[in-house]
Amino acid sequence: MNDFSIEITKNGKMVLVKMKGELDAYQSIDFKKRMIDEVLNGDEKTILMDMTGLSYIDSAGLGALVSLLKRASEGSKELRFFGMRSNVKKIFELTRLNMVFKIFDTYEEASV
C-alpha cells in the first residue's frame, strides 16, 4: 500500500485540503469518506484542493474526485484545484477532466 494523507484546514468561508502522496484504489474509499464527513458536510461553500504534494493519481482516485465534485455541486459548493504536478495534470488532460474541474496554478488564483 502507498502512503496518502490529507490535512484539512477551515477558516469559516473556505476549506483548504492538502493532499500528499498517492491517491489510488487503496486510498480512494477512505479519502472520499473523510472528504464527505469532514468537508462536504460543513458550512463552507468553497473547497480548495492543494495538490502540490500529490505525486500520483489513478482511475479510482479520479473517480473519487468526480464523485466529490457531484456531491459538492448538489450542495451548492465549489471545488477548486491548484498546484498540480505535471504528471498529475497530464492525467487530467488525457481524461479531459481538466474541462470538468476548476484547476488553477497557485493558491492565490484558486482562492479569489
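Structural data are supplied above this passage.
Residues numbered from 1 in each chain as written. Predicted model: local features only at pLDDT ≥ 70, side-chain atom pairs only at ≥ 80, totals over all residues. Heavy atoms only, no water.

Focus on the pattern of salt bridges
Okay, step 1: Across all of its chains, the model carries six salt bridges by this definition.
Okay, step 2: Between glutamate 74 and lysine 70 there is a salt bridge, with its nearest N and O atoms 3.6 Å apart. Highlighted residues: glutamate 74 and lysine 70, both in helix H2 (residues 59–74), separated by four residues, approximately one helical turn.
Okay, step 3: For glutamate 74, a relative accessible area of 58% translates into the label exposed. (Salt bridge = Lys/Arg side-chain N within 4 Å of Asp/Glu carboxyl O. Helix = DSSP H or I, 4+ residues; strand = E, 2+ residues; numbered from the N terminus. Buried < 20%, exposed > 50% of the residue type's maximum accessible area, 1.4 Å probe, protein only.)

Concerning the packing of aromatic side chains
Okay, step 1: Applying the stated criterion across every chain, the model contains five aromatic pairs.
Okay, step 2: Site record: aromatic cluster; members linked through ring pairs are Phe81, Phe92 and Phe101. (Phe/Tyr/Trp six-rings, centres within 6.5 Å; stacked < 30°, edge-to-face > 60°.)

Digging into helix H1 (residues 25–40)
Okay, step 1: Compared with an ideal rise of 1.5 Å per residue, which puts 16 residues at 22 Å, H1 spans 21 Å between its outermost C-alpha atoms and is within 8% of the ideal.
Okay, step 2: Within H1, the full set of buried residues consists of Gln27, Ser28, Phe31, Met35, Ile36, Val39 and Leu40. Each buried residue of H1 lies within a common arc of 160° when the element is viewed along its axis, so the set occupies one face. More than 90 degrees from the buried face of H1, the exposed residues found are Tyr26, Ile29, Asp30 and Lys33.
Okay, step 3: Buried residues along H1 sit against strand S1 (4–10), strand S2 (14–23), strand S3 (46–57) and H2. (Expected span 1.5 Å × (residues − 1). Arc of directions from axis to C-beta. Contact = heavy atoms within 4.5 Å.)

A short note on the sheet that holds S3
Okay, step 1: Spatial ordering of the open sheet is given by S1-S2-S3-S4-S5, a layout of five strands whose pairing is mixed. Bordering the open sheet on either side are S1 and strand S5 (102–104), each of which pairs with just one other strand. Between one strand axis and the next, the sheet turns by 25° as a mean value, whatever way the strands run.
Okay, step 2: Pairing geometry for S1 and S2, over seven bridges, is antiparallel. In the sheet register, isoleucine 8 faces S2, and the bridge partner there is valine 17.
Okay, step 3: Of the strands in this sheet, S1, S2 and S3 are in contact with H1, which crosses S1 at around 5°.
Okay, step 4: Here helix H3 (residues 86–94) sits on the sheet in contact with S3 and S5, set at roughly 110° to S3. (Pairing = 2+ DSSP bridges. Axes fitted to C-alpha atoms, helices over the stretch in contact; angles between N-to-C directions.)

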